[in-house]
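Residue-level structural notes
The residues making up each chain are set out below.
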Amino acid sequence: ADTAQVASDADGDHGAGKNGAGKNDAGTSLDLGADVPQDVAEGPSDAAPAADAWDKAEARAAFVPTASHESALGDGWLAAGQPSKARLEDIVGQGATVVSLRNKSEEPFAEQPFVESKGGTFVRYAVSTSQYGDKAFRAALWDLYDAWQAKGGLVYLHCASSNRVGASWALYQFERKGLSKQAAYDLGVKAGMTGASSIVKQVLGLAP
């Protein structure tokens, strides 16, 4: 298990490239966990569409924040800081996919093998806040978000304190969902964005 100290979201951790294929500053390939899904999950069965829709609604209703560092993003997504092992086990038990924006070196424990040992799905897309200034990097991350949103399941999106998550959510809402600059920025703040706000304002074209 990794024993590295938990790093601040404002620190210059290393990021991944398009579709999660990235390298750190030393040129070492990062372990990005599960691949970005290529296929969109099929819709509800014709045999029981109402029951399927009810099950999804019920699952989303039960998938709620339980800690101060967690917040609801809508559509079955939660934004969060680093979860505990107990919380991860609960998340997996609810059928949610865990998406981490952290490097393995930041983790207080080896998160991917823990999640997978509980039967869960883990995706790593390591991010440093400075990489949000790179349009191609952002586009690759938005592709990942689009793919998992299209699947329609529950997603637990986290970093260390939800700062990077909030920043990514603000930019994603502006660049892919068509929200106004200020509305997108405000959503990022609600999702935990703090220190990354300066680069988000820069990308959005808001006054510093």
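What comes next concerns the included structure. (Residues numbered from 1 in each chain as written. Predicted model: local features only at pLDDT ≥ 70, side-chain atom pairs only at ≥ 80, totals over all residues. Heavy atoms only, no water.)

1. Topic: helix α7 (residues 197-204)
In plain terms, the rule: Three exposure classes are used, based on accessible area relative to the maximum for each residue type with a 1.4 Å probe and protein chains only: buried under 20%, partly exposed in between, and exposed over 50%. Put simply, DSSP marks the helices as runs of H or I at least four residues long and the strands as runs of E at least two long, and each gets a number from the N terminus on. The arc in question is traced by the directions running from the helix axis to the C-beta atoms. In what follows, residue pairs with any heavy atoms lying within 4.5 Å of each other are defined as contacts.
Listed as buried for α7 are S197, I199, V200 and L204. Down the axis of α7, the buried side of the element spans an arc of 165 degrees, and every buried residue falls inside it. What points out from α7, more than 90 degrees from its buried face, is the exposed set S198 and Q202. Against the buried residues of α7 lie α5 (163-175) and α6 (181-190).

2. Description of the pattern of salt bridges
Cut-off, in case you're wondering: Between Lys or Arg on one side and Asp or Glu on the other, a salt bridge is scored when a side-chain nitrogen of the former is within 4 Å of a carboxyl oxygen of the latter.
Following the criterion strictly, the structure yields ten salt bridges and no others. A salt bridge links K118 to E89; the shortest N-O distance between them is 3.8 Å. Pair noted here: K118 is in the loop between α3 (111-117) and β4 (122-124) and E89 is in helix α2 (residues 85-93), with a separation of 29 residues, a long-range link. Two residues, D146 and R176, come together in a salt bridge whose shortest N-O distance is 2.5 Å. Note that D146 is positioned in helix α4 (residues 135-151) and R176 in the loop between α5 and α6, a separation of 30 residues in sequence. Residue R176 is classed as partly exposed on the basis of its relative accessible area, which comes to 31%. Connected through shared salt-bridge partners, E70, R87 and D90 make up one network.

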